[in-house]
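Commentary on secondary and tertiary structure
Spelled out from the first residue to the last, the chains are:
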Amino acid sequence: SISRSLLARDLRFQALAWIDGLRTVFTTVVTLVLAWMGFRYWSLVIGSVFSTFFAAVVAFWLRPFRPRWPRPFADITSELAFGWNLVVSRIAWYGYSNADFAVVGRVLGTAALGAYNIGWTMASLPVEKISVMVMKVTPSVFARVQDDLPALRRYVNRLTEGLSVVTLPAAIGMALVARDFVTVVLGDKWLPAVVPLQILSVFVTYRSVTTLYADILEATDHTRLNMMFSVLGLIVLPACFVMGTRWGTTGVAAAWAVGYPLITLSFHLSTTFRIIELRPSEYFASMWPAASSTAVMAVFVLAVQSAMGTALPGAVRLTASVLVGALAYAGALWVMHRRRIVASLEFVRSMRTKKKPT
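Residues numbered from 1 in each chain as written. Predicted model: local features only at pLDDT ≥ 70, side-chain atom pairs only at ≥ 80, totals over all residues. Heavy atoms only, no water.

Right, let's talk about helix H7 (residues 178-186) for a bit. Those residues of H7 that fall on the buried side of the exposure criterion are Ala 178, Asp 180, Phe 181 and Val 182. Following H7 by one or two positions, Gly 187 has its phi on the positive side, about 110 degrees. (Buried < 20%, exposed > 50% of the residue type's maximum accessible area, 1.4 Å probe, protein only. Helix = DSSP H or I, 4+ residues; strand = E, 2+ residues; numbered from the N terminus.)

This is the structure we're talking about:
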């Protein structure tokens, strides 16, 4: 992990991509060979262990380091405090991010947990994949411009605009076609997952853009504030989930949609804006292209669904809704916000060629 962190700090993301790609290939080959040799489930275990070791060796080869014991120990006091705040933040984040599953399974039972889990997975999978890719890059990028607030604000606005352009239509689109998607792809037995899927799809549109807040606080050396937010989430959100169980899995999904934004808007977002001197109007304006184009998409999808009714097969309705929605969104984005999209593309190109914006 140290070599990978050093590679990320040096902005050598191509090397990290090669490591992850080779690790995937190595895992697949070793697992299949061991399974063919008769190792059964041990194939998965050994394949995972050896691929992790392989990735560590390659990372160290690309970015070696020499560990040393600090003398005097007080020299790394600030680093230890920084690391302690990060550790507590990560543990608290893991706690409140998985508390809903524990509450649903404990209070509502395994059947409800299965339906809720399907809803959560389907709602968050497309958005999470995109957010994870961005999160691998942003800490190092923000750290490079941590003392240049105008540049940092420019990165935040552009990244927020880019994230919303991709994640907002995907998540809202999933909410619009949730019933047809579940019946066609999963089957009628998973219909209890439809309403949680719709609520969580709307929620993840908000969560996808808030992933940048923690990176901003960490890059500007405000890890204690980020730790306080995570601990606050660990205290408040599980209680919201417990109260939400009165209305089943729908109530738990609604607890995410209500509780998480209240915490972030009142603490996380306002603190981040103040630290980097970002005006809320400027920040929310960066999401206007995606929001307005998604609204146009929703109107077209709802109109098509209303015109088709329930007489047509679900697969036909799903296909038509997805095609119409994609075309409507792309058309609205290009017609109403062409200059913004072109400027964002140019900004991305500049990030690939410059270590620090001028």
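Counting 37 residues, the largest nonpolar core has Tyr 116, Leu 200, Phe 241 and Trp 256 as the members making the most contacts within it. Counting only elements with at least two residues in this core, the list comes to helix H4 (77-108), helix H5 (110-144), helix H6 (149-176), H7, helix H8 (194-219), helix H9 (223-244) and helix H10 (248-276). Every residue in contact with Trp 256, bar those within four places of it in the chain, is listed here: Tyr 96, Ser 97, Asp 100, Tyr 116, Trp 120, Leu 200, Phe 203, Arg 207, Leu 237, Phe 241 and Pro 261. Formed by 24 residues, the second largest nonpolar core is a distinct cluster that contains Ile 130, Val 145, Tyr 155 and Ile 276. (Core = buried A, V, L, I, M, F, W, Y, C linked by side-chain atoms within 4.5 Å. Contact = heavy atoms within 4.5 Å.)

This part covers the environment of Thr 121. Position of Thr 121 relative to the elements: it lies in helix H5. The sequence separation of Thr 121 and Leu 200 amounts to 79 residues, and the corresponding C-alpha distance is 9.4 Å.

Below, the discussion takes up the environment of Ala 81. Inspection of the secondary structure assignment puts Ala 81 in helix H4. Once the C-alpha coordinates of Ala 81 and Val 231 are considered, the two residues, 150 residues apart in sequence, prove to be 16 Å apart.

The next point concerns a nonpolar patch on the surface. The grouping of Val 25, Val 29, Val 33, Trp 36, Met 37, Phe 39, Tyr 41, Trp 42, Val 45, Val 49 and Phe 50 at the surface amounts to a nonpolar patch, some 1200 Å² of accessible area in total. Contributing elements (two or more residues each) for the nonpolar patch: helix H2 (13-36) and helix H3 (42-62). Following the sequence through the fold, Val 45 ends up in helix H3. (Patch = residues over 30% accessible without salt bridge, like charges linked within 9 Å, V, L, I, M, F, W, Y side chains within 5 Å. Areas by Shrake-Rupley, 256 points an atom, 1.4 Å probe, with all protein chains shown as cover. Salt bridge = Lys/Arg side-chain N within 4 Å of Asp/Glu carboxyl O.)

Moving on: the confidence of the model for the protein. Averaged over all residues, the pLDDT of the protein equals 86, while 95% of them reach at least 70. No element of the protein has a lower mean pLDDT than H5, at 81, and none a higher one than helix H12 (residues 288-308), at 93. (pLDDT = per-residue confidence, 0-100.)

Let's shift gears to the pattern of salt bridges. Overall, the coordinates contain five salt bridges when judged by the stated rule. For Asp 10, the salt bridge identified is with Arg 63, shortest N-O distance 3.0 Å. Placement of Asp 10 in the loop between helix H1 (2-9) and H2 and of Arg 63 in the loop between H3 and H4 is noted, with a sequence separation of 53 residues between them. Judged by relative accessible area, Asp 10 falls into the partly exposed class, the value being 25%.

Time to look at the packing of H7 against H8. Packed helices, taken two at a time, are described by the angle between their axes plus the distance between the axes. Interhelical geometry of H7 versus H8 gives an angle of 130 degrees and a closest axis separation of 9 Å. Taken together, the axes of H7 and H8 are oblique relative to one another. The crossing of H7 and H8 is right-handed. When H7 is examined against H8, the residues Ala 178, Arg 179 and Val 182 are found in contact with a partner set consisting of Val 194, Leu 197 and Gln 198. A per-class count over the contact of H7 with H8 returns four nonpolar, one polar and one charged. (Axes fitted to C-alpha atoms, helices over the stretch in contact; angles between N-to-C directions. Parallel < 35°, antiparallel > 145°, perpendicular 65-115°, else oblique. Left-handed = near helix turned anticlockwise from the far one by under 90°. Nonpolar A, V, L, I, M, F, W, Y, C, P; charged D, E, K, R; others polar.)

For the coordinates displayed, the defined rule picks out 16 aromatic pairs. Ring centres of Phe 60 and Phe 65 lie 5.6 Å apart, and the angle between their planes is 75 degrees; this geometry places the pair in the edge-to-face category. Taking relative accessible area as the criterion, Phe 60 reaches 40% and is therefore assigned partly exposed. Aromatic ring contacts, followed pair by pair, group Phe 101, Tyr 116, Trp 120, Phe 203, Tyr 206, Phe 229, Phe 241, Trp 256 and Tyr 260 into a single cluster. It is Arg 207 that lies over the ring of Tyr 260; its NZ or CZ is 5.5 Å from the centre. (Phe/Tyr/Trp six-rings, centres within 6.5 Å; stacked < 30°, edge-to-face > 60°. Lys NZ or Arg CZ within 6 Å of the ring centre and 35° of its normal.)

With respect to the secondary-structure elements, Arg 339 resides in helix H13 (residues 314-353). On a C-alpha basis, the gap between Arg 339 and Asp 148 in space is 26 Å, while along the polypeptide they are 191 residues apart.

What follows is about unusual backbone geometry. Glycine aside, the phi torsion of most residues is negative, and most peptide linkages are trans. The backbone of Asp 221 shows a phi angle near 65 degrees, a positive value even though the residue is not glycine. As for its position among the elements, Asp 221 is in the loop between H8 and H9. Exposure remark for Asp 221: the relative accessible area of 55% places this residue in the exposed category.

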